[in-house]
Amino acid sequence: MNPEELRKIAITQKESNAQYKHQICVCTAAGCVSSGADKVKDALNAGVKKLGLESTVQVKGVGCMGPCSAGPLVRVKVRVESEGEILYKEVTPENATEILASLDTGKKIDKLEYNTDVPFFTRQKKVVLENAGYVDPDSFVDYIGHDGYEAMIKAYTEMAPQDVIEEVIKSGLRGRGGGGYPTGLKWSTVAKARGTRKFVICNADEGDPGAFMDRAVAESDPYRLLEGMAIAAYAIGADTGYIYLRAEYPLAVKRLRAAIRQAERHQTLGNGICGTTFNFRVEIRLGAGAFVCGEETALIASIEGNRGQPRPRPPYPAASGLWGFPTLINNVETLANIPYIVREGGDAYGSIGTEKSKGTKVFALAGKVENTGLIEVPMGTLLKEIIFDIGGGIPDGGKFKAVQTGGPSGGCIPDQFLDMPVDYESLAKAGSIMGSGGMIVMDDTSSMVDIAKFFMEFCMTESCGKCVPCRVGTVQMHNLLEKIANNEATEDDLALLQELCDMVKNTSLCGLGQTAPNPVVSTLRYFRDEYESRLVRKGDNGSKPQPEEVKA
Amino acid sequence: MSPMTAQVVTLKIDGQDVSAHENDSILTAAREHGVFIPTLCNLDGLTTLGACRLCLVEMAGSPKLLPACTTKVSEGMEVVTSSERIAKYRRMVIELLFAEGNHICAVCVSNGHCELQSMAQTVGMTHVSVPYLYPKRTVDASHERFTVDHNRCILCMRCVRVCDEIEGAHTWDVMGRGTAAKVITDMNQPWGTSDTCTSCGKCVHVCPTGSLFEKTASVSEMLKRRHFLPYLTMMREEVE
């Protein structure tokens, strides 16, 4: 299918969307599906059929709308006199008739309405998620109807590979998987690397506890990911791509598989993409639940069919990756930024965010916060804006204590940093990392020792067992944390814990071990008293204080 | 890769100016010039792994410690192979290994000929400062000539590598994660029932501890002979 034909589809799709008088979008991402969105959609469809509204009302499944805790979410777009959008929360199948009846009157159903004129919606800036909640993730045609593949066509027909890389460099985009490595630099390195073949890998092995950004992108807008990969492949000269997707995301697996089939059928993937001479094929590889396979060298080993264990770098995958060929590995969110950058230009993207951290970042808000869900904000948004304005603060009048960012590799940020802009540098300065975008908010009922113990247990069970410090060190650190949590540890134990933190950080082979001590280090830095208050003092037998020595 | 085109680079190891082939590792260059760097998982003739972390060295301009076995030399590189910090980390690695398994030297077939034991002396380990984990591990004596005692395994993967790379049988592999990781024969079948094992005994002789041993050996009697390995590699390279 050549660019002209795709444009024709886009116009036809836009026209057919416009002919409906009303549009009802039901969120069909994992969060809403788990609270019954499928049944709501079925009920709406049945209602439309019963009332004979097929020609005026469109019911469609869309991706994530954001406030996952209020699901199932339904957005109704009515065209009565003026156009308007209403968002309904916690919709049940029984509400279907009510919603359908309200369409022609244009009257809102007050008890279901989710007020969208609140910071949760107004403060966000959608780039990666611009289509999420609007486009039907199961429909190639609908993606085209939302200007999908425009960027890819622009790249393939109007730009040389080097121009594409230039735009990405200009955009200032940095890797969203956690490391924050400049994406443009990585692309140009792989483009320059010599190899008879090159590969693009999309790292979708999202494994941080409490993080679900990549899942949302893959479930809500799978074609965007494929488009981003196809542009990357063109820029670096790769002919094959792999999406390393965790098997725990069945909906994402299903949608991406369907998307690849559809894209191949419409020749936006495969041989001779869009009538050009460029070939690019994408395959999915399912992860078997190992967190360490998010580490790039372990991920490559896993795709090759080996045990998912990291190897020392250098050589970096950019020089010698999959089967020894130059390989570009980017995270889902990074690749989902690409269509926007190519379409709008690197400068437009670079105008969002701060000087060193450009663009937007998707965060998964979880924990003790009013609005849990998925948000996308410009880099440099203040931490307090994210937690209190967008997140709605701590529920039940609780008091904010800390926010954990970056998952098991990250740290806990206490309240003195609430005025801090959220970007790569500031987070690192505060002793944490940006990570992939998980934000777990904690109130004053959370014990920091328990948090550290939880993450250490995670690292301990996810360590691959290859290098000694990570394999044994995490077990020792976990045991010490347990001892502290049980009020059985002494000052010596705390000192040993700190020594192990330093050793494991500096001697482990890969990122998992090198960052495993971070949750302990950061909580010790800001909440040391919580550790010390649980220690058994020397000369103290655990319960009774010893009487002072009596002089004879 | 051929010697015809291999470039020579000069670098500093512990202040000493040394030359090396550009494809050499820091470890190779250091050994060539008589600088000792402790290793456990590394063995001449097998591929490098970088797993034991004993050979970590400091390098000027790099905030991270780098494994000497897998890091290639480069022009102008300045390497420091021993410092107080490195010595401490090396000691801790050995302590962690002793605490991880069940290493009772006094009753071990390899007592006196054990690489882990002698490495403990080399790095100056006087005691184990972390609590012993006392794991419950198994012994497989189903093979007619050899025994594997997982209590003494330090997961250096030498058996896995020698079986795959030199013997070509790939009987050994690894299963499980973290401290639950263990070396297995075939698909975790008893060694004695293995269809792939050729009973060549290479794994036994490359094993640094008393984890793999010949059944005829009693306490302190298991001497390991490794001279076949560099010899085999050399002969194969010559044929190529």
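All residue numbers refer to position in the chain's written sequence, counted from 1. Chains carry letters and ligands carry numbers; both start at the beginning, A for chains and 1 for ligands, and go up in the order they are written. Side-chain atom pairs in this predicted model are given and counted only at pLDDT of 80 or more, local residue features only at pLDDT of at least 70, and totals for whole chains, interfaces and linings cover all residues. The basis for the side-chain values is all heavy atoms of the structure; hydrogens and waters are excluded.

Visitor: So what exactly am I meant to see when it comes to helix H12 (residues 250–265) of chain A here?
Guide: Residues lying three or four places apart along an α-helix face the same way, a consequence of the helix completing one turn every 3.6 residues. All names here are of chain A. Taking 1.5 Å as the rise per residue, H12 with 16 residues should run 22 Å; its terminal C-alpha atoms sit 23 Å apart, in good agreement. Taken together, the buried positions of H12 are Leu251, Ala252, Val253, Arg255, Leu256, Ala259, Ile260 and Ala263. Buried residues along H12 sit in contact with helix H2 (30–34), helix H6 (140–145), helix H10 (213–220), helix H11 (222–236), strand E6 (240–246) and strand E7 (281–287). Of the residues trailing H12, Gln267 is marked for its positive phi of about 55 degrees. Strands here are runs of E lasting at least two residues and helices are runs of H or I lasting at least four, both read from the DSSP assignment and numbered beginning at the N terminus. To estimate the expected span of a helix, subtract one from its residue number and multiply by 1.5 Å. Accessibility here uses a 1.4 Å probe with only protein chains present; expressed as a share of the type maximum, an area under 20% marks a residue as buried, one over 50% as exposed, and anything in between as partly exposed. In this analysis, two residues are considered to be in contact whenever any of their non-hydrogen atoms come within 4.5 Å of each other.

Visitor: Can you help me understand the sheet that holds strand E5 (residues 199–204) of chain A in this one?
Guide: As a general point, the strands of a sheet are linked pairwise by backbone hydrogen bonds and lie either parallel or antiparallel. Residue and element names in this part refer to chain A. Across the sheet, four strands lie side by side as E7-E6-E5-E8; this open sheet has parallel pairing. For this open sheet the edge positions go to E7 and strand E8 (327–331), each flanked by a neighbour on one side alone. Strand-to-strand twist of the sheet, defined as the mean angle between neighbouring strand axes without regard to direction, takes the value 20 degrees. Two strands pair if DSSP finds at least two bridges between them. Pairing of E6 with E7 involves seven bridges; the strand directions are parallel. When the sheet's bridge partners are listed, Ile243 is paired in E7 with Ile284. Working convention: axes come from line fits to C-alpha atoms, limited for helices to the stretch in contact. Angles between N-to-C directions cover 0 to 180 degrees. Lying over the sheet, H12 contacts E6 and E7, oriented at roughly 165 degrees with respect to E7.

Visitor: I would appreciate a short explanation of the domain arrangement of chain B in the present structure.
Guide: Quoted interface sizes are often the accessible area lost when the parts come together. Residue and element names in this part refer to chain B. In this entry, domain limits derive from an automatic or database-based domain assignment. For chain B, the domain assignment lists domain 1 (8–82) and domain 2 (105–228). With centres defined by C-alpha atoms, the gap from domain 1 to domain 2 works out at 27 Å. Opposite the 13 residues of domain 1 that make contact, domain 2 presents 15 residues. The term buried area denotes the loss of accessible surface (1.4 Å probe radius) that occurs when two parts are joined, taken as the sum for both partners. Buried surface at the junction of domain 1 and domain 2, summed over both partners, amounts to about 1100 Å²; 69% is from carbon and sulfur atoms. Three residues stand out in domain 1 for area buried against domain 2, namely Leu40, Leu43 and Leu46, and they jointly supply 50% of the buried area on that side. Note on definitions: salt bridges are taken to be side-chain nitrogens of Lys or Arg within 4 Å of carboxyl oxygens of Asp or Glu. In this assembly, domain 1 and domain 2 are joined by zero salt bridges. In the analysis that follows, any N or O atom pair within 3.5 Å is treated as a polar contact, provided that within protein one partner can donate a hydrogen and the other can accept it, and provided that, for residues neighboring in sequence, both atoms belong to side chains. Between domain 1 and domain 2 we count five residue pairs in polar contact (both at pLDDT 80 or more) in total. The residue makeup of the side of domain 1 that touches domain 2, split by class, is eight nonpolar, five polar and no charged. We call Asp, Glu, Lys and Arg charged. Ala, Val, Leu, Ile, Met, Phe, Trp, Tyr, Cys and Pro are nonpolar, and the rest, Gly among them, are polar.

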